[in-house]
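So the chains spell out like this:
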Amino acid sequence: MARTSYSWQSAVVLLAILIVPIRCSDHHNISQEQTLLRIQQLLYYPVILSSWNNTTDFCNTDQSSSVTVICYEGVITQLHIINSYKTHQLPEDFSIDTFVTTLINLQSLKVLKLVSLGLWGRIPAKISHLSSLEILNITSNHFNGKIPSEITSLANLQSLVLDDNNFTGWIPSRIGFLSRLSVLSMKNNSLNGLLPDSLGKLTDLRVLMLSRNNFSGESPDLSDLKNLRALELGGNSLGPKFPRVPYKIISIVLRENKFTNGLPEELHSFYQLQKLDIALNRFVGPFPTSILSLPSITYLDINGNRFTGLLSEDLPCNPGFQFVDLSANLLTGKLPECLVSSKVRNVVYNGNCLSTNDGNEIKSQKPISFCRTAALAVGIIPRNHKTSNLSKAALALGITGGILLIGVAFLIFRRVHGKKMEKKPPARVIEENLTSSYSSKLLSDARYVTRVMKLGTVGIPAYHAFSLEELEEATNGFDASTFMGEGSHGQMYRGRLKDGSYVAIQCLKMKKNHSTQTFTRHIELISKLRHQHLVSALGHCYEFYLDDSSVSRLFLVFEYVPNGTLRDWISGNKGKNLSWSQRIAAAIGIVKGIQFLHTGILPRVFSGSLKITDVLLDQNFSAKISSYNLPLLEKVEKDGVQGYFKSFKDTNRVKVSHPEKLDVYDFGVILLEIISGRPICTQKEVECLKEQFQSRMRADDGAMKEMVDVTILDKCSDQSLMTMMEVCNGCLLDDIADRPSVEDMLWNLQFAAQVQEAWHSSHGSPVSSSQPAIAEQ
């Protein structure tokens, strides 16, 4: 009997062991069921979930296009709730925080699609607790606010679709952390700001769709995304450069942006490209007809740009074309026969200047003269303008950007102070170390802009195109009171823009029969010469002859530098005098400007024949180089601009092995005047003063100090003075190879500034009591 009782007890224990896991499993399933029923409640019992109830076996229900629940080994891994149309947002007492908290109970969820359910509010950071998510699609709801940065911690995410909501703010900069992301779509929101560079790190990305937002600025470099097949950026304010994309891309949609540059040359090698939509932008330049014959192209829309070019009836095209829109451009010639064949379903070409095969004009086309005139204006249509005093020519704005840094400062300062223009000493003969022609790839490739350039552009106003109306308003119709002078560099006017800032407007006369194309390549390269220690161009516009629409005059708009030349504050004998600390700071600014010319852009710029009268001081007494020879524009001088950008050569300075050391010598002459306080106007004076300087450097300290400007002699430390004099002496050495590098000069000048600052601190004296200090840039 005892043995029987023991057996019965053992059986009970065994049965309990077997039952417990079953009950636990049932409890787990009930938890999932309760979560889904709670979701149904929080969504206010939508019709598409009407079949859900307490008896529903969610892991074994029939799936539909509206509702899908998929389980794996009894655990829910996918939840799709999709309405067929966008609904109004849920009632005010809906809580997105409570909704997401409920979702988090489904810890194994890999796919979550909640489409057109009326969800609203700011997505809470706790969304990151759904750590297993691989696909998240919350399209067509009413979400608002910023996309939470915590979403970038979903390391398994492969598809993120946030279309048709009200999201605002920037895309999280850490979006690149989603290394497995294959699809990223945020279309039709109110997102803004710059696109993060980290998008270029999503190497698995195949689809990027950011259309119809408020993004601006340059597109990030996407060329390393070898798997990218579809790019949609339409309906933003991106530009001006065409995005860099991999050559295997299939679809590119950039319509309704601010892209202005021409199409990239490599586009003709995109052999998998099927769709190209760049309509309603500001593209200029020749239309590359090779796009028509790309082996996979079926959809092409270039409507509403300013593409030029001569089409011919025998141009080849892809026989698989289904849609082509060439309308509202500046195309001339004849429509290709391959586009008018019955095989192409839809071809639109109105608003150009095309003709039929027999030469007759098509009704939907403009006269040929329209396209020729507009093409010369680089995309801006010339029109009659009432200007009785300026010119009889038609005026039109050109949009090709550029910086032509010239010697305008000397003219400006003399005019402002009521002085007649002084006759400049003969320019020293120098070597040109740049070729006069460059490939279009070099001119447009941002890879040639180095970090030196990027760091030096802080605080410089953006270059933009000016209309003639803006320039007339700034100068009161080019009134005589704004005229500052006329010389070999053309006429100069002083203007004031709407924002209150002053500008210097220069008018250059051009020889007849030259279009804007004469200057395009040169201006493209010069447009990269922007630095805080160079006087920058702010924009330009063209003036055209009525008879042949060639360019008659070019208006250049420069930043206005109010404090005159560095010489005026060193040896100008006008009661002005910079302190020693200010002189060191000015020297540092000059060297940084030279350093940028040597290393900030390729090809590098050397041999500027820089003089102290070419260095201006702005409102903060920061030094800016305003004029140096630009060999890049030697061809422009020959082809169209009168008396501009002269080409100087000296047989003694040609074919040197260290071209950068010629600019080092020029800086040494400037430094000699900064130290001595004596104006140096001729090469003979340079040689004479240099000889005295070098001989006294070899003598004692007393003899050396006799060369120093007496106004600053007792206000500078011996060590900083000695450092500056040693730099000056090195720059003026006859042997070019022995002269210091620009980097060495900069290091020593900065050391002199630090020593001088320490000397001031120990002597308890301010940098300057009469003039504002020049901050070291």
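Keep in mind it's a predicted model, so treat the numbers as computed, not measured.

**Quick notes on the sheet that holds strand β6 (residues 142-146)**
Whenever strands of a sheet pair, they do so through backbone hydrogen bonds, lying parallel or antiparallel.
And then number 1: Spatially, 6 strands are ordered β4-β6-β8-β10-β12-β14 in an open sheet, and the strand pairing comes out parallel. Strand pairing shows two members of the sheet lacking a second neighbour, β4 (120-121) and β14 (237-238), which therefore form its edges.
And then number 2: Pairing of strand β12 (residues 214-217) with β14, which is carried by 2 bridges, proceeds in the parallel orientation. Counterpart to G217 in the pairing with β14 is L238.

**Brief notes about the packing of helix α10 (residues 580-599) against helix α12 (residues 660-676)**
And then number 1: Between α10 and α12, whose axes approach to 11 Å, the crossing angle comes to 170°. By the angle class used here, α10 and α12 are roughly antiparallel. In this structure, α10 meets α12 at a crossing whose hand is right-handed. Together, W580, R583, A587, I590, V591, I594 and H598 of α10 and E660, D663, F667, I670, L671, I674 and I675 of α12 make up the contact between the two elements.
And then number 2: Among the residues making up the contact of α10 with α12, the classes are represented as 10 nonpolar, 1 polar and 3 charged.

**Here we look at the state of the cysteines**
And then number 1: Evaluated as defined, the whole model comprises 3 disulfides.
And then number 2: Between the sulfur of C59 and that of C71 lies a disulfide, 2.0 Å long from S to S. An S-S torsion of about -80° defines the bridge between C59 and C71 as left-handed. Placement of the pair is C59 in the loop between α1 (2-42) and β1 (67-72) and C71 in strand β1, with a sequence separation of 12 residues.

**A look at the pattern of salt bridges**
And then number 1: Per the stated rule, a full pass over the model turns up 13 salt bridges.
And then number 2: We note a salt bridge from R255 to D277, for which the minimum N-O separation is 2.9 Å. Taken together, the residues R255 in the loop between β15 (251-253) and β16 (275-277) and D277 in strand β16 connect sequence positions 22 residues apart.
And then number 3: According to the relative accessible area criterion, R255 is partly exposed, its value standing at 23%.
And then number 4: Measuring nitrogen to oxygen at the nearest pair gives 3.3 Å for the salt bridge that ties R255 to D301. One end of the pair, R255, is in the loop between β15 and β16; the other, D301, is in strand β18 (residues 299-301), and 46 residues separate them in sequence.

**Section: the packing of α12 against helix α13 (residues 683-697)**
And then number 1: Orientation of α12 relative to α13, taken along the N-to-C sense of each, is 70°, at an axis distance of 11 Å. When the interaxial angle is binned, α12 and α13 end up roughly perpendicular. The handedness of the crossing between α12 and α13 is left-handed. Across the interface between the two elements, Y665, V669, L672 and S676 of α12 pack against Q683, V686, E687, L689, K690 and F693 of α13.
And then number 2: Of the residues that constitute the contact of α12 with α13, the class distribution is 6 nonpolar, 2 polar and 2 charged.

**A look at the environment of K113**
And then number 1: Along the chain, the position of K113 falls in strand β3 (residues 111-115).
And then number 2: Taking the C-alpha atoms as reference points, K113 and H80, 33 residues apart in sequence, are found 4.6 Å from one another.
And then number 3: Every residue in contact with K113, bar those within four places of it in the chain, is listed here: L79, H80, I81, I82, I135 and N137.

**Comments concerning helix α2 (residues 96-103)**
And then number 1: Residues I96, F99, V100, T102 and L103 constitute the buried set of α2. Relative to the axis of α2, the buried residues are bounded by an arc of 155° and lie together on one face.

**Remarks on the confidence of the model for the chain**
And then number 1: Averaged over the chain, the pLDDT score is 77; the fraction of residues at 70 or greater is 72%.
And then number 2: In the predicted structure, residues 629-655 sits below a pLDDT of 50 and forms 77 contacts with residues beyond four places in sequence or in another chain.

**Brief notes about the sheet that holds strand β21 (residues 330-334)**
And then number 1: The parallel open sheet is built from 4 strands, whose spatial order is β17-β19-β21-β23. Bordering the open sheet on either side are β17 (284-286) and β23 (353-355), each of which pairs with just one other strand. Shown here is a sheet whose adjacent strand axes are inclined to one another by a mean of 10°, direction ignored.

So, how was this worked out
Residues numbered from 1 in each chain as written. Predicted model: local features only at pLDDT ≥ 70, side-chain atom pairs only at ≥ 80, totals over all residues. Heavy atoms only, no water. Pairing = 2+ DSSP bridges. Helix = DSSP H or I, 4+ residues; strand = E, 2+ residues; numbered from the N terminus. Axes fitted to C-alpha atoms, helices over the stretch in contact; angles between N-to-C directions. Parallel < 35°, antiparallel > 145°, perpendicular 65-115°, else oblique. Left-handed = near helix turned anticlockwise from the far one by under 90°. Contact = heavy atoms within 4.5 Å. Nonpolar A, V, L, I, M, F, W, Y, C, P; charged D, E, K, R; others polar. Disulfide = S-S within 2.5 Å. Salt bridge = Lys/Arg side-chain N within 4 Å of Asp/Glu carboxyl O. Buried < 20%, exposed > 50% of the residue type's maximum accessible area, 1.4 Å probe, protein only. Arc of directions from axis to C-beta. pLDDT = per-residue confidence, 0-100.

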